[in-house]
Amino acid sequence: MDRFRSNISIFQSTSLSVFDARIIICSFLAFCAVGLYQRLRSYASSSLPYPPGPKGIPILGNALQVPLKTPWIKFTEWAAVYGDMFYLRILGRDVIVLNSSKVAYDLLHKRSAIYSDRPGMALTRDFGGWDFSIVIDPYGDHFHIKRKFMNQSLNPSATRRIYPMMADNAKLFMQGLLREPTQFQTLNRMYAGANILMLTYGHQETDHELVGWLPHFVWGSRFSDLMKRMKAATYQASAVPYNAIKQKFLNGTSLPCMATTLLEDNTKPNGIVEHEFAILGSLASTYIAGADTTVATLDTFAIAMIYYPEVQREAQRLIDELLHGERLPTFDDREDLPYVEAIFQEVLRWKPIVPGGVPHRSTEDDVYQGMFIPKGTMVIFNVSAMMTNSRDFPNPSEFNPGRFLYTLRADIAKPEDIAFGFGRRICPGRHFADAWVWLAMINMLALFEISPEIGLDGKPILPDLEYEEGLVRCENLDI
Ligand code: HEM
């Protein structure tokens, strides 16, 4: 087996008849009745109990009990006491935390018409210059148009159309690893960036030219770093690449990509581009949300392979059995490698990269299992609790892909049904992420022995399992 391998460390009437008048009166009465019903329901509801939760103090509520760093760990402790849904009041705001995929699915998916708003992030939006980003868009027209633009390019069949581009990048990625086996993290980031730049702006570059396209801190650093430089960064990450691609589009020199499709579809005969800000925002949101996430997921895979070499060996044995070392794996091999599929699920579960989810907000009063959830409640889905509870996943801290092959109960949601969120805000890049991470994983398994770096003292340097915390959780990896 090892002889094949090197070693590396997304209505009509103008006059009213009697009949018409009756319809209108009936409609009016019905409208009033619904209004009255809603008021009564709200009144009656508000006499229902709120979900249980830790007792807070006047005015501040639970604010001082929620740690700023890794709040999901505290939420998971509270989940053990208060159950799958608990309530917090933080500085006068209603907050509920959902700790099971069933409750999250019941509310955020089944009742998505009223749970798809985002909590206002006025500072980030209006003063940080992040008003282009769909991630913080309130549920409304801007959100809908950007979502439509993104779905056009990131739905399953659109994603399949970019498989050849991904395959080319995977090949370059592997060649890079062969040349520089200790540079996994740099190459991982570079080729995740290359995929998204190609998808969004049709930007095809060699590995070294990539550096010049976006400022280094955009392509080469983490989203959390980018956020720190807020306003300047937003211009560089949104307007700069948009203006460049628009110019190329007008010159007729752009390659087919998300930007050119959107520009073609929305440019009027007089040359004016409709929905220009939404186009710019969709492109930049895709780039920003898509780069760090896939990088962190593949880093997690590499770490798991280092800590669990027996899992790595088993995957390699099965890959060799299928390919006989005669060719590189392709997407067509996916169905024939259930163990690798299970590794992918376990990577999403073991160390979820968005452990605290991305908060939603409710837009109407609601009642769930006899408990009242007021309109305007911030709804946090606690991915970490859903992925790491021993009720659904025995020995949750162990990286064990076998759980998805042999022992997982049929009623347990798969990690891929949790990691990407829920309802109308579910990650639009999930098909893209799924394809790229799988392809990079399978190529690494087929070609390399993934092992830790050896220190000067001759001992292996194991990567840190304490992840760096931001919106996306990254690891301090040094293979
Ligand atoms: C393994 C990789 C990824 C994970 C775990 C992930 C996870 C998530 C999660 C949890 C959300 C919030 C969903 C919700 O609010 O219910 C989200 C939103 C989002 N993701 Fe991803 N994501 C990944 C990759 C990607 C990629 C590759 C792209 C783009 C190509 C992308 C683009 C977005 C965007 C634009 C949003 C905001 C959607 C909205 O607010 O309506 N993500 N993602």
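Bear in mind that the values here come from a model prediction, so they are computed numbers and not experimental data. (Residues numbered from 1 in each chain as written. Predicted model: local features only at pLDDT ≥ 70, side-chain atom pairs only at ≥ 80, totals over all residues. Heavy atoms only, no water.)

## Let's talk about the overall build of the chain
Part 1 of the reasoning: Summing up its helical and strand segments, the chain has 20 helices and twelve strands in all.
Part 2 of the reasoning: Taking all 479 residues of the chain together, 50% fall into the buried category.
Part 3 of the reasoning: Of the roughly 22900 Å² that the chain leaves accessible, carbon and sulfur atoms contribute 57%. (Helix = DSSP H or I, 4+ residues; strand = E, 2+ residues; numbered from the N terminus. Buried < 20%, exposed > 50% of the residue type's maximum accessible area, 1.4 Å probe, protein only. Areas by Shrake-Rupley, 256 points an atom, 1.4 Å probe, with all protein chains shown as cover.)

## Examining the sheet that holds strand S4 (residues 360-361)
Part 1 of the reasoning: Spatially, the four strands line up as an open sheet ordered S2-S3-S7-S4, and their pairing is mixed. Whereas interior strands pair on both sides, the edge strands pair on one side only; in this sheet they are strand S2 (85-90) and S4.
Part 2 of the reasoning: Note that strand S3 (residues 93-98) and strand S7 (residues 378-381) share four bridges and pair parallel. Paired with Val 97 across the two strands is Ile 380, which belongs to S7.
Part 3 of the reasoning: Strands S2, S3 and S7 of the sheet are contacted by helix H2 (residues 71-82), whose axis makes an angle of about 125° with S2.
Part 4 of the reasoning: Along the sheet face, helix H3 (residues 101-109) touches S2, S3, S4 and S7 and points at about 130° away from the line of S3. (Pairing = 2+ DSSP bridges. Contact = heavy atoms within 4.5 Å. Axes fitted to C-alpha atoms, helices over the stretch in contact; angles between N-to-C directions.)

## Quick notes on the pattern of salt bridges
Part 1 of the reasoning: Following the criterion strictly, the structure yields 19 salt bridges and no others.
Part 2 of the reasoning: Its salt-bridge partner being Glu 276, residue Lys 246 comes within 2.8 Å of it at the nearest N-O pair. Residue Lys 246 is located in helix H12 (residues 230-251), and its partner Glu 276 is located in helix H14 (residues 276-307); the two are separated by 30 residues in the primary sequence.
Part 3 of the reasoning: Several salt bridges share partner residues, and in doing so they unite Asp 84, Arg 391 and Asp 392 into one network. (Salt bridge = Lys/Arg side-chain N within 4 Å of Asp/Glu carboxyl O.)

## Some details on the coordination of the iron atom of the ligand
Part 1 of the reasoning: A lone protein donor contacts the iron atom of the ligand, and this donor is Cys 427 (SG), found at 2.3 Å.
Part 2 of the reasoning: Of note, Cys 427 is situated in the loop between helix H19 (416-419) and helix H20 (430-447). (Donors = N, O, S within 2.8 Å, 3.2 Å for Na, K, Ca; no water.)

## A closer look at the packing of aromatic side chains
Aromatic ring pairs are reported here in terms of the distance separating the ring centres and the angle at which the planes meet.
Part 1 of the reasoning: Inspection of the entire model under this criterion finds 17 aromatic pairs.
Part 2 of the reasoning: On the numbers, 5.3 Å between centres and 45° between planes, the contact of Tyr 139 with Phe 143 is tilted.
Part 3 of the reasoning: Measuring from ring centre to ring centre gives 6.1 Å for Tyr 308 and Trp 350, while their planes differ by 85°; the resulting arrangement is edge-to-face. With Tyr 308 in the loop between H14 and helix H15 (309-323) and Trp 350 in helix H16 (residues 338-350), the pair connects residues that are 42 residues apart, well separated along the chain.
Part 4 of the reasoning: One aromatic cluster is present, formed by Phe 75, Trp 78, Tyr 82 and Phe 86 through successive ring pairs.
Part 5 of the reasoning: Over the ring of Phe 344 we find Arg 334; its NZ or CZ atom is 5.8 Å from the centre of that ring. (Phe/Tyr/Trp six-rings, centres within 6.5 Å; stacked < 30°, edge-to-face > 60°. Lys NZ or Arg CZ within 6 Å of the ring centre and 35° of its normal.)

## Focus on the packing of H15 against H20
Part 1 of the reasoning: Two elements in contact, H15 and H20, have axes separated by 9 Å at closest approach and are oriented at 85°. Taken as axis vectors, H15 and H20 run roughly perpendicular relative to one another. On the side of H15, the interface is formed by Gln 312, Ala 315, Gln 316 and Ile 319, while H20 contributes Ile 442, Leu 445 and Ala 446.
Part 2 of the reasoning: Grouping the amino acids of the contact of H15 with H20 by side-chain chemistry returns five nonpolar, two polar and no charged. (Parallel < 35°, antiparallel > 145°, perpendicular 65-115°, else oblique. Nonpolar A, V, L, I, M, F, W, Y, C, P; charged D, E, K, R; others polar.)

## Points about the packing of helix H5 (residues 141-154) against H14
Part 1 of the reasoning: Two elements in contact, H5 and H14, have axes whose closest approach is 9 Å; the angle formed by their N-to-C orientations is 55°. Accordingly, the angle class assigned to the pair H5 and H14 is oblique. Classified by chirality, the crossing of H14 by H5 is right-handed. The residues of H14 that touch H5, namely those facing Ile 145, Lys 146, Phe 149, Met 150 and Leu 154, are Ala 278, Ile 279, Gly 281, Ser 282, Ser 285 and Thr 286.
Part 2 of the reasoning: For the contact of H5 with H14, a count of residues per class yields six nonpolar, four polar and one charged. (Left-handed = near helix turned anticlockwise from the far one by under 90°.)

## Remarks on the nonpolar core
Part 1 of the reasoning: Counting 85 residues, the largest nonpolar core has Phe 173, Leu 177, Phe 301, Met 305, Val 340, Ile 343 and Phe 399 as its most contacted members.
Part 2 of the reasoning: Ranked by residues supplied to this core, first place goes to H14 with 15 residues.
Part 3 of the reasoning: Excluding anything up to four places from it in sequence, Met 305 contacts Val 311, Gln 312, Ile 343, Phe 399, Leu 445 and Ile 450.
Part 4 of the reasoning: One finds Leu 107, Val 383, Met 386 and Phe 422 within the second-largest nonpolar core, a separate group that totals 20 residues. (Core = buried A, V, L, I, M, F, W, Y, C linked by side-chain atoms within 4.5 Å.)

## Considering H15
Along an α-helix, residues three or four positions apart point the same way, because every turn accommodates 3.6 residues.
Part 1 of the reasoning: The end-to-end C-alpha distance of H15 is 21 Å, a good match for the 21 Å that 15 residues give at a rise of 1.5 Å each.
Part 2 of the reasoning: What H15 keeps buried is the set Val 311, Gln 312, Ala 315, Gln 316, Ile 319, Asp 320 and Leu 323. Along H15, the residues classed as buried sweep out an arc of 165° about the axis, all on the same side.
Part 3 of the reasoning: Next to the buried residues of H15 lie H14, H16, H20 and strand S8 (448-450).
Part 4 of the reasoning: His 324, located one to two residues past H15, shows a positive phi value of around 55°. (Expected span 1.5 Å × (residues − 1). Arc of directions from axis to C-beta.)

## Section: the UniProt feature "binding site: heme" (unreviewed entry) in the chain
Part 1 of the reasoning: Annotation from UniProt places "binding site: heme" (unreviewed entry) at Cys 427.
Part 2 of the reasoning: Overall, Cys 427 belongs to the partly exposed group, its relative accessible area being 22%. (UniProt positions renumbered as here; feature names shortened; annotations may be inferred.)

## Looking at the environment of Lys 248
Part 1 of the reasoning: Relative to the helices and strands, Lys 248 is located in helix H12.
Part 2 of the reasoning: Using a relative accessible area of 31% as the deciding quantity, one classes Lys 248 as partly exposed.
Part 3 of the reasoning: C-alpha of Lys 248 to C-alpha of Tyr 201: the two residues are 47 residues apart in sequence and 9.9 Å apart in space.
Part 4 of the reasoning: Beyond its immediate sequence surroundings of up to four residues, Lys 248 is in contact with His 203, Thr 253 and Ser 254.

## Some words on the side chain of Asn 195
Part 1 of the reasoning: When you line up the elements, Asn 195 lands in helix H8 (residues 184-201).
Part 2 of the reasoning: Residue classification places Asn 195 among the buried positions, given a relative accessible area of 0%.
Part 3 of the reasoning: In terms of polar contacts, Asn 195 uses its side chain to reach the side chain of Asn 169, at 2.9 Å.
Part 4 of the reasoning: Excluding its chain neighbours within four sequence positions, the residues that come into contact with Asn 195 are Met 165, Met 166, Asn 169, Phe 432 and Trp 436. (Polar contact = N/O pair within 3.5 Å; in protein donor to acceptor, adjacent residues only side chain to side chain.)

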